[in-house]
Amino acid sequence: MSQSENIFSRLDKAGRLGEDAVLVIILTALILLAASQIVMRNFFNFGFIWADEMLRMLVLWIAVAGAVAASRTDKHINIAILDRFLPDKIKLLVKITVHIFTAAVCGVVTWYSVQFVQMSHEFGDILMGSVPAWLPQLILPVGFGLICYRYSLFVIQEIFRLSRGGRVQ
Amino acid sequence: MIAIGPLLILLALLGAPLFAVIAASAMWGFSKEGIDLQAIAIEFYGIAEMPILLAIPLFTFAGYLLSESGAPGRLVRLTQALLGWMPAGLAIVSLAACAFFTAFTGASGVTIIALGALLFPALQQAGYPEKFNLGLITSAGSLGLLFAPSLPLILYGIIAEISVEDLFLAGVLPGFLMLLMLSGYSVWKNRALRVPLSDFSWKEVRAAIREAAWEIPLPIVVLGGIYSGYFAISEAAAVTALYVLIVDVLILREIPLRKLPAVMRESMVLVGGILIILGMSLASTNYMIDAGIPQKLLGYISLFVTSQLTFLLLLLVFLLVLGAILDIFSAIVLVVPLILPVALQFGVNPVHLGIVFLATMQLGYITPPVGLNLFIASYRFERPIVELYLSTLPFFFILLISVAFIAFWPWLSLVLLG
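Let me sum up the structure you'll find in this document.

Residue and element names in this part refer to chain B. Taken N-terminus to C-terminus, the directions of helix α7 (residues 110-125) and helix α8 (residues 130-140) make an angle of 160 degrees; their axes are 10 Å apart at the nearest point. In terms of their interaxial angle, α7 and α8 are classed as roughly antiparallel. In the packing of α7 onto α8, the handedness of the crossing is right-handed. Contacts between α7 and α8 involve Ile 112, Gly 116, Leu 119, Phe 120, Leu 123 and Gln 124 from the former and Glu 130, Asn 133, Leu 134, Leu 136, Ile 137 and Thr 138 from the latter. Considering only residue class, the contact of α7 with α8 consists of seven nonpolar, four polar and one charged.

Encoded structure:
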């Protein structure tokens, strides 16, 4: 038991590190590329055409990567007016329902994102001069797949807690 | 969202992530119309087709970085040196510093955390009543919303497809009106406590300026660049992010390099949270416009409302309720596409609508039961939330009056546009 827990916590740590690395790399690239575009335009009177396209792609990437990171601690923007009036036990049931719903929605979005990427692959769309469009578009199925995975984990943990008669933290 | 019925709304109220609720409603709409659900991915991919969105991660990151650095302390000292001589000086200093900081950090609640920690004890020490101080800091936490380059202004410009530069100009006077009215209230409320914070001293001003020498060029370059048209918004954002990064991490070294990934992560969690909602609402909005929801809405409203005046009144009430339950970013992406066509029919200028929308939503930050600032302040100052409801109430009413001015006096928003 303790060994398997160990593996889980290591996996968790590695996942977090991976997210951080991806966020740091994309954001740094975003800042440097955007700034260098200004320098190029103002001092050398030209900019890379591919850079504008790349910047937009990086914004998509950081949006999805940020959303994946937000999922780790269930930090997505929500309304949640009703649940604070509920007793603990029911709160847990509500949480399970809400998380199943979120995982399911993300699962469906992942499925159709895969089709979207496949379609783009078949059409042979090209970005930035030479990059096949489906490559950067992969962030959609990967990202939503990870969010789906995250919320599925919540559901498992919560059912486990429920079976122990546990309470919401 | 309206058509899909109560189930999704119930899920939202029970705390389902908003993006998932919006995605579900969009996909439900698509499938009802026989549209391939791939549309959800195609619409979401629209995020990669809006160049101005680049400004959002860059400004947010710069804002988080600034709030982690010594900049809040230097900003307070400088504002004190400049405004501290007034009666109720410290209260005015707090309002001005918060407004400025919020504008630069994107109205995400960081103001209360970054500046409240400095201002609240100082206000207490200066003898202001505690209830006043709590209310002041909590409501000042979203005060700069109408000043450039705040994120909600940018986001509204993107969604309404109007010039963000125009919005930046339009927000100036209404923003100052709010600032003035709250300052006036603070002076009046503390008339017994007429002691100015300090005498005006050129020496202190010079010292404060010297201390903030690295930060002072930032607003000048950014605002000057934007208003003069030299920088596009996203370029100004890039300059800000790079500048703050270099100054705070490499030159002043107030943020150690090893802490940088955490700041980046934290700020991008917010960005991801906003943009995933934006992406999903691109899909749901498209569906709603195809389904003619705005026209139906217009037809329905026209039954009761005939003049612009009554429309604006209705709008204010609606936005007040909306602001109490929905955060400003989600409200912009979800609601603006629906009410904009209706407002245009009633002859409301889209820029004016934006200022009214944001000014009213700003009240939402301090409206019970779920106003974001109330929770942040309750958490930060370790006070029960009800105490914050009560202490922000007078400030809420002052702001409400200023919102009414802003709504029924379009001149205030539009005069600078020329």
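Residue and element names in this part refer to chain B. With respect to the helices and strands, the residue Ile 289 is situated in helix α15 (residues 260-290). In this structure Ile 289 comes out as partly exposed when scored by relative accessible area, which is 45%. Considering only alpha carbons, one finds Ile 289 and Ala 331, 42 residues apart in sequence, at a separation of 17 Å.

Another aspect to go through is the pattern of salt bridges. Scanning all chains against the criterion turns up ten salt bridges over all chains. Among the salt bridges present, the one from Arg 74 of chain B reaches Glu 215 of chain B, with a minimum N-O distance of 2.7 Å. With Arg 74 of chain B in helix α5 (residues 71-83) and Glu 215 of chain B in the loop between α12 (202-211) and α13 (217-227), the pair connects residues that are 141 residues apart, well separated along the chain. Each of the two residues, Arg 74 of chain B as well as Glu 215 of chain B, counts as buried. A salt bridge links Glu 204 of chain B to Arg 77 of chain B, with the nearest nitrogen and oxygen atoms 2.9 Å apart. With a gap of 127 residues between them, Glu 204 of chain B in helix α12 and Arg 77 of chain B in helix α5 connect regions that are remote in the sequence. Salt bridges sharing common partners tie together Asp 12, Glu 19, Asp 20 and Arg 72 of chain A together with Arg 265 of chain B.

Residues Leu 140 and Phe 144 of chain A together with Phe 61 and Phe 357 of chain B are the most contacted members of the largest nonpolar core, which totals 211 residues. Those residues in contact with Leu 140 of chain A that lie beyond four places of it in its chain are Leu 60, Val 64, Ser 113 and Phe 116 of chain A together with Ala 41, Phe 44 and Tyr 45 of chain B.

Residue and element names in this part refer to chain B. Taken as a whole, this structure holds 18 aromatic pairs over all chains when the rule is applied. When the ring of Tyr 156 is compared with that of Phe 357, the centres are 6.3 Å apart and the planes differ by 40 degrees; the resulting orientation is tilted. With a gap of 201 residues between them, Tyr 156 in helix α9 (residues 151-160) and Phe 357 in helix α19 (residues 350-364) connect regions that are remote in the sequence. Aromatic side chains Tyr 185 and Trp 188 sit 6.4 Å apart centroid to centroid with 40 degrees between the ring planes, which places their arrangement in the tilted category. Of this pair, Tyr 185 and Trp 188 both sit in helix α11 (residues 172-189), three residues apart, which is roughly one turn of the helix. Each member of the aromatic cluster is reached from another via a ring pair, and the members are Tyr 128, Phe 132, Tyr 185, Trp 188 and Phe 395. Arg 191 extends its terminal NZ or CZ atom over the ring of Trp 188, reaching a point 4.4 Å from the ring centre.

Next up on the list: a nonpolar patch on the surface. Residues and elements named next belong to chain A. A contiguous nonpolar surface patch, about 640 Å² in accessible area, is contributed by Phe 8, Leu 11, Leu 135, Leu 138, Val 142, Leu 146 and Tyr 149. Of all the secondary structure elements, the ones that give two or more residues to the nonpolar patch are α1 (2-43) and α5 (139-163). Tallying contributions element by element places α5 first for the nonpolar patch, with three residues. Looking at the secondary structure, you find Phe 8 in helix α1. You can call Phe 8 exposed: its relative accessible area is 57%.

A few words now on helix α14 (residues 233-251) of chain B. Between its terminal C-alpha atoms α14 of chain B stretches 26 Å, which fits the 27 Å expected from 19 residues at 1.5 Å a residue. Among the residues trailing α14 of chain B, Arg 253 of chain B stands out with phi positive, at a value near 55 degrees.

Here we come to the interface of chain A and chain B. Taken together, the 58 residues of chain A in the interface contact 60 residues of chain B. Between chain A and chain B lies a buried interface of about 5000 Å² when both sides are counted; carbon and sulfur atoms form 80% of it. At the junction of chain A with chain B, the criterion picks out two salt bridges. The salt bridge involving Arg 265 of chain B is made with Asp 20 of chain A; its shortest N-O contact spans 2.7 Å. Among the elements of the structure, α1, α2 (49-72), α3 (88-123) and α5 of chain A are those that each provide at least two residues to the side of chain A that touches chain B. Looking at the side of chain A that touches chain B, its residues break down into 40 nonpolar, nine polar and nine charged.

What counts, and where the lines are drawn
Residues numbered from 1 in each chain as written. Chains lettered and ligands numbered in written order. Predicted model: local features only at pLDDT ≥ 70, side-chain atom pairs only at ≥ 80, totals over all residues. Heavy atoms only, no water. Axes fitted to C-alpha atoms, helices over the stretch in contact; angles between N-to-C directions. Helix = DSSP H or I, 4+ residues; strand = E, 2+ residues; numbered from the N terminus. Parallel < 35°, antiparallel > 145°, perpendicular 65-115°, else oblique. Left-handed = near helix turned anticlockwise from the far one by under 90°. Contact = heavy atoms within 4.5 Å. Nonpolar A, V, L, I, M, F, W, Y, C, P; charged D, E, K, R; others polar. Buried < 20%, exposed > 50% of the residue type's maximum accessible area, 1.4 Å probe, protein only. Salt bridge = Lys/Arg side-chain N within 4 Å of Asp/Glu carboxyl O. Core = buried A, V, L, I, M, F, W, Y, C linked by side-chain atoms within 4.5 Å. Phe/Tyr/Trp six-rings, centres within 6.5 Å; stacked < 30°, edge-to-face > 60°. Lys NZ or Arg CZ within 6 Å of the ring centre and 35° of its normal. Patch = residues over 30% accessible without salt bridge, like charges linked within 9 Å, V, L, I, M, F, W, Y side chains within 5 Å. Areas by Shrake-Rupley, 256 points an atom, 1.4 Å probe, with all protein chains shown as cover. Expected span 1.5 Å × (residues − 1). Buried area = accessible area lost by both parts, 1.4 Å probe.

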